[in-house]
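# Overview (structure and organization)
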Amino acid sequence: QVQLVESGGGLVQAGGSLRLSCATSGLTFSNYVMGWFRQAPGKEREFVAAVGRLGGTYYADSVKGRFTISRDNAKSTVHLQLNSLKPEDTAVYFCAARRRIVVTTTEYDYWGRGTQVTVSS
């Protein structure tokens, strides 16, 4: 059974930082593209960042230069470092996994339940 479990969310002031983690089990981690998405109240889920099987990284324009995605194949874990946070970054952040190529749509095979990030002004 595949499981993705996010952690590291919380409440932070604008300009602050958080580090999200997504621990996976039940899949051959190195074979999967890993992505982070977020969903704010009343809005659609949107792409944040992804890391390919060979380590290539992709970011939404809104987070480029502030967020960093990384993967640890030995621990089957993906991280998202969030710096210079803004109130508009407030959302539930989801981890996702898919085979083969990176996509920025929600066409991922497996999803975690999410972790809340709240940025106060």
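The text that follows walks through the structure, step by step, so that each part is easy to find. Since this is a predicted model, take the numbers as computed values, not measurements. (Residues numbered from 1 in each chain as written. Predicted model: local features only at pLDDT ≥ 70, side-chain atom pairs only at ≥ 80, totals over all residues. Heavy atoms only, no water.)

Bringing the environment of V102 into the picture now. Assignment of secondary structure puts V102 in the loop between strand 9 (91–99) and strand 10 (110–111). Assessed through its relative accessible area of 22%, V102 is described here as partly exposed. The spacing of V102 and G15 is 87 residues in sequence and 29 Å in space, taken between C-alpha atoms. Not counting chain neighbours up to four residues away, the residues in contact with V102 comprise V33, A50, V51, G52 and Y58. (Helix = DSSP H or I, 4+ residues; strand = E, 2+ residues; numbered from the N terminus. Buried < 20%, exposed > 50% of the residue type's maximum accessible area, 1.4 Å probe, protein only. Contact = heavy atoms within 4.5 Å.)

With the rule as written, the count across this model stands at four salt bridges. A salt bridge links D61 to K64; the shortest N-O distance between them is 3.2 Å. Look at D61 and you get exposed, because its relative accessible area is 66%. Here R66 ties to D89 by a salt bridge, and the two come within 2.7 Å at their closest N and O atoms. Taken together, the residues R66 in the loop between strand 6 (57–59) and strand 7 (67–72) and D89 in the loop between strand 8 (77–82) and strand 9 connect sequence positions 23 residues apart. When sorted by exposure, R66 lands in the same class as D89, which is buried. Connected via shared salt-bridge partners are R38, E46, R66 and D89. (Salt bridge = Lys/Arg side-chain N within 4 Å of Asp/Glu carboxyl O.)

Per the stated rule, a full pass over the model turns up five aromatic pairs. Aromatic pair F37 and W111: ring centres 5.0 Å apart, planes at 55°, arrangement tilted. Within this pair, whereas F37 is found in strand 4 (residues 32–39), its partner W111 is found in strand 10, the two being separated by 74 residues in sequence. Since its relative accessible area comes to 0%, F37 is described here as buried. (Phe/Tyr/Trp six-rings, centres within 6.5 Å; stacked < 30°, edge-to-face > 60°.)

Judged by relative accessible area, which is 28%, W111 ranks as partly exposed. Separated by 16 residues in the primary sequence, W111 and C95 place their C-alpha atoms 5.9 Å from one another. When neighbours within four sequence positions are excluded, W111 is seen to be in contact with L4, F37, R45, F94, C95, A96 and T106. Within the structure, the side chain of W111 is placed 3.4 Å from the backbone oxygen of Y108, a separation counted as a polar contact. (Polar contact = N/O pair within 3.5 Å; in protein donor to acceptor, adjacent residues only side chain to side chain.)

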